[in-house]
Amino acid sequence: MTAEPRTESPEGTDPADIAYLTRPVPQELPPNLRRPTNPWVSSGQPDSRDPVDGASARPNRSAAALPRPVEVDWALVDALRDQVSTEQAERFEPGTDALVREEAGKEAINRLVKQASTDRRNDGKAEFTLAQRETLRDAVFNSLFRMGRLQPLLDNDDVENIEIYGHRTVQLQLADGTWVAGQPVADSDDDLIQLIQDIATRTGSGARPFSERNPYVDMRLPGSGARLAASAWVTDRPVVVIRRHRLIQVTIDQLVGLGMLSPVAASFLAAAVRARKSIVVSGAASAGKTTLTRALCDQIPAGERIATFETEYELGLQDLRPNVIAWEARPGSGEVGPDGRQAGESTIAEALWRSFRYNRSRLIVGEVRGAEVWPMIKAMESGTGSLSTTHATSAVAAIRKLVTCAMEGEEQVTHDLATSKLAHAIDLIVHVDLSYDPTNQSPRRQVAEIISVAPGERETGYATTQIFAPGPDGNAVPKTMPDLDHQGLEAYGFDLQGFTEALHHPAGRTAAGVRS
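Thresholds, definitions, all that
Residues numbered from 1 in each chain as written. Predicted model: local features only at pLDDT ≥ 70, side-chain atom pairs only at ≥ 80, totals over all residues. Heavy atoms only, no water. Helix = DSSP H or I, 4+ residues; strand = E, 2+ residues; numbered from the N terminus. Buried < 20%, exposed > 50% of the residue type's maximum accessible area, 1.4 Å probe, protein only. Contact = heavy atoms within 4.5 Å. Areas by Shrake-Rupley, 256 points an atom, 1.4 Å probe, with all protein chains shown as cover. Expected span 1.5 Å × (residues − 1). pLDDT = per-residue confidence, 0-100. Axes fitted to C-alpha atoms, helices over the stretch in contact; angles between N-to-C directions. Parallel < 35°, antiparallel > 145°, perpendicular 65-115°, else oblique. Left-handed = near helix turned anticlockwise from the far one by under 90°. Core = buried A, V, L, I, M, F, W, Y, C linked by side-chain atoms within 4.5 Å. 1 Å grid on protein atoms, 1.4 Å probe; cavity = no way out; pocket = protein on both sides within 12 Å on 5 of 7 lines; lining within 4 Å. Points joined across faces, edges and corners; volume = space filled by probe spheres on them. Nonpolar A, V, L, I, M, F, W, Y, C, P; charged D, E, K, R; others polar. Salt bridge = Lys/Arg side-chain N within 4 Å of Asp/Glu carboxyl O. Phe/Tyr/Trp six-rings, centres within 6.5 Å; stacked < 30°, edge-to-face > 60°. Lys NZ or Arg CZ within 6 Å of the ring centre and 35° of its normal.

Trainee: Explanation requested: the overall build of the protein in the structure shown.
Mentor: Looking only at helices and strands, the protein has 15 helices and 17 strands in total. Here the protein holds 516 residues, and the buried ones make up 51% of them. Put simply, 59% of the contacts in the protein that link residues at least 6 apart link residues at least 24 apart. Here the protein displays about 24,000 Å² of accessible surface, and carbon together with sulfur accounts for 50% of that area.

In structure tokens:
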């Protein structure tokens, strides 16, 4: 059994609520899935100018179900955008509220689109149809206030991941795991770079540089929760990868319902969070590490004060529950100072150090890819019950990965010191496996194993116990009776009796992976 969810739906303005920008959405959808359909996703036919590989060109029913794009005159979109931008510059002072600008922008866009349609009639051409007017208004609005030609893809919940290789090759991974070709999001590679530069500067104090001097950018897209990674100048063509999280507000019981883990494994992890065990979630890219971490964070008692530390906002706990302070690293720009840092740079390590004055009871460091491992260790040492994620192929491989990160992140750090620190800091590692159905390539995400970590023999520096191991179908099943400390999780809701029965009667185990 697991606890009731601790969070409530966040309040705020969603772009999907803007009346003339969307089509009606069925109200029975959960809030995190209420997105308008997108008129600009292709029907799945590859762009003849940029051939795609066999996997990307695979025909599928989902691609056929997507609406065909409405033709858009992008030169006209650019001209109308410039007119509205000029009007706003003349009308508003710097610092004017964004919602005020958007409302005025909508009025101006309506007026200019209507005028453009009248001009066509005066020139002897057919006026815009209602659908063309709506599409043109959407395109101008998105170009000014949202993510430009990327916005319809971000608004379409059928699209899970977006990969762009140069301006003409756009590939979309749908919710069922299949890949289809998408429409271009820019008219040239230079335009694509300009689009990413515009997006990177729209986040106010979190603006990030993207230039020949800073050829990489990583950021959370405002308003969508999607994460963008882009590079140019160091790749043969600009490359953009956007990952969208379909499950934002999620509970561990929902993941049980989806088959990502068994009720017994869920009760163990939920109890571990409530008992303030420090947990690392490992897995491959897109395996569901962040989704599982959100569900585990839902088990933190509502009254606790939480701090999160991330290179780019991704967990989004500050939007899901009260008493959360979210710190985000910020890259510097300009000249390097005497301390070797660029002006304006803010690191996770610095934020963690300053957070000790903010009365936080849980310190959560998000994804660990490198030097973040030391803030993670300090967070686990300073406030128990921390959570983090990392990329690895198994739970034990996650330890080796973190040891390497620790040795690379700080000078004079030996293997023995790194393993000792990690062995004392981490209580559990949960590994999430990602596989694909061989018949239709739909993704299958499942918790495959849960191990406990403790200081161990000198050779490795740590000892592990595989409490849950992959079962016949790959899903985690009881493997070894936990030690007395973890048996004590029964007081926090761990179904120890169910674990024992499944351990001694493996034929009764049932599990299924997530098919999304």
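Past the structure itself, the notes keep going.
Trainee: For this particular structure, what's the right way to read helix α4 (residues 130–145)?
Mentor: Residues that lie three or four places apart on an α-helix share one face, since the helix turns once every 3.6 residues. Between the first and last C-alpha of α4 there are 22 Å, a value that for 16 residues agrees with the 22 Å anticipated at 1.5 Å per step. Taken together, the buried positions of α4 are occupied by Thr135, Leu136, Arg137, Asp138, Ala139, Val140, Phe141, Asn142, Ser143, Leu144 and Phe145. On its buried side, α4 packs onto α2 (74–91), α3 (98–122) and α5 (151–155).

Trainee: How do you make sense of helix α8 (residues 263–274) when you look at a structure like this?
Mentor: For α8, with 12 residues, the first-to-last C-alpha span of 16 Å sits near the 16 Å given by 1.5 Å per residue. In terms of burial, α8 is a largely internal element, 11 of the 12 residues being buried. Those residues of α8 that sit buried are Val264, Ala265, Ala266, Ser267, Phe268, Leu269, Ala270, Ala271, Ala272, Val273 and Arg274. Backbone geometry just downstream of α8 places arginine 276 in the positive-phi region, at approximately 65 degrees.

Trainee: How should I be thinking about the confidence of the model for the protein in this particular structure?
Mentor: Do not read the predicted coordinates in detail wherever pLDDT is low. Counting all residues, the mean pLDDT for the protein is 82, and 80% of those residues have values of 70 or more. Low pLDDT (under 50) marks residues 509–516, which in the prediction has 32 contacts with non-local residues, meaning those over four places away or in another chain.

Trainee: Help me understand the packing of helix α12 (residues 395–409) against helix α13 (residues 415–425), please; the structure alone is not making it clear to me.
Mentor: Helix-helix packing is characterised by the crossing angle of the two axes and by the distance between the axes. At a closest axis distance of 9 Å, the pairing of α12 and α13 adopts a crossing angle of 125 degrees. As summarised for this structure, α12 and α13 are arranged oblique, according to the angle between their axes. Crossing of α12 against α13: the hand is right-handed. Counting all contacts with α12, which are made through Ile399, Leu402, Val403, Ala406 and Met407, the residues of α13 involved are His415, Ala418, Thr419 and Leu422.

Trainee: Would you mind showing me how to read the nonpolar core here?
Mentor: One broad trend across soluble globular proteins is that nonpolar side chains are buried collectively. Core analysis: the biggest nonpolar cluster contains 42 residues, and Leu261, Phe268, Leu292, Val447, Ile450 and Phe468 have the highest contact counts within it. Elements represented by at least two residues in this core include exactly α7 (252–258), α8, β7 (279–283), α9 (289–297), β13 (428–436), β14 (443–455), β15 (462–470) and α15 (496–504). Sort the elements by how many residues they give to this core and α8 lands first, with 8 residues. Of all hydrophobic cores here, the second largest spans 36 residues; its members include Leu363, Val368, Ala406 and Tyr462.

Trainee: What is the right way to read the layout of surface pockets from this model?
Mentor: Empty space among the atoms becomes apparent when a probe as large as a water molecule is rolled across them. By volume, the second largest pocket is sized at about 670 Å³. Forming the walls of the second largest pocket are 28 residues, and the residues nearest its centre are Thr311, Ala329, Glu345, Ser346 and Thr347. Those elements giving two or more residues to the lining of the second largest pocket turn out to be β4 (216–220), α10 (348–355) and α11 (373–382). At 4 residues, the largest contribution of residues to the lining of the second largest pocket is made by α10. Here the lining of the second largest pocket is composed, by residue class, of 14 nonpolar, 5 polar and 9 charged.

Trainee: Got a minute to help me understand the environment of alanine 307 in this structure?
Mentor: As for its placement among the helices and strands, alanine 307 is situated in strand β8 (residues 306–310). Separated by 45 residues in sequence, alanine 307 and leucine 352 place their C-alpha atoms 8.7 Å apart.

Trainee: Sorry, what's going on with the pattern of salt bridges here?
Mentor: Think of it this way: side chains of opposite charge can pair up when their charged atoms draw near. Throughout the structure, instances matching the rule amount to 22 salt bridges. Here arginine 227 makes a salt bridge to glutamate 314, at a shortest N to O gap of 2.8 Å. A residue pair is termed long-range when its members are at least 10 positions apart, and arginine 227 in strand β5 (residues 227–231) and glutamate 314 in the loop between β8 and β9 (324–328) qualify at 87 residues. The residue glutamate 350 makes a salt bridge to arginine 354 at a minimum N-O spacing of 3.4 Å. Taken together, the residues glutamate 350 and arginine 354, both in helix α10 and 4 residues apart, mark about one turn of the helix. What makes glutamate 350 partly exposed here is its relative accessible area of 24%.

Trainee: How should I be thinking about the packing of aromatic side chains in this particular structure?
Mentor: The relation between two aromatic rings is expressed through the spacing of the ring centres and the mutual angle of the planes. The full count for this structure, using the stated rule, is 8 aromatic pairs. A centroid spacing of 5.2 Å and a plane angle of 75 degrees characterise the contact between phenylalanine 468 and phenylalanine 499, whose relative ring orientation is edge-to-face. One end of the pair, phenylalanine 468, is in strand β15; the other, phenylalanine 499, is in helix α15, and 31 residues separate them in sequence. Aromatic rings pair up to connect Phe268, Phe468, Phe494 and Phe499 into one cluster. Positioned above the aromatic ring of tryptophan 74 is the side chain of arginine 149, whose terminal nitrogen or guanidinium carbon lies 3.9 Å from the ring centre.

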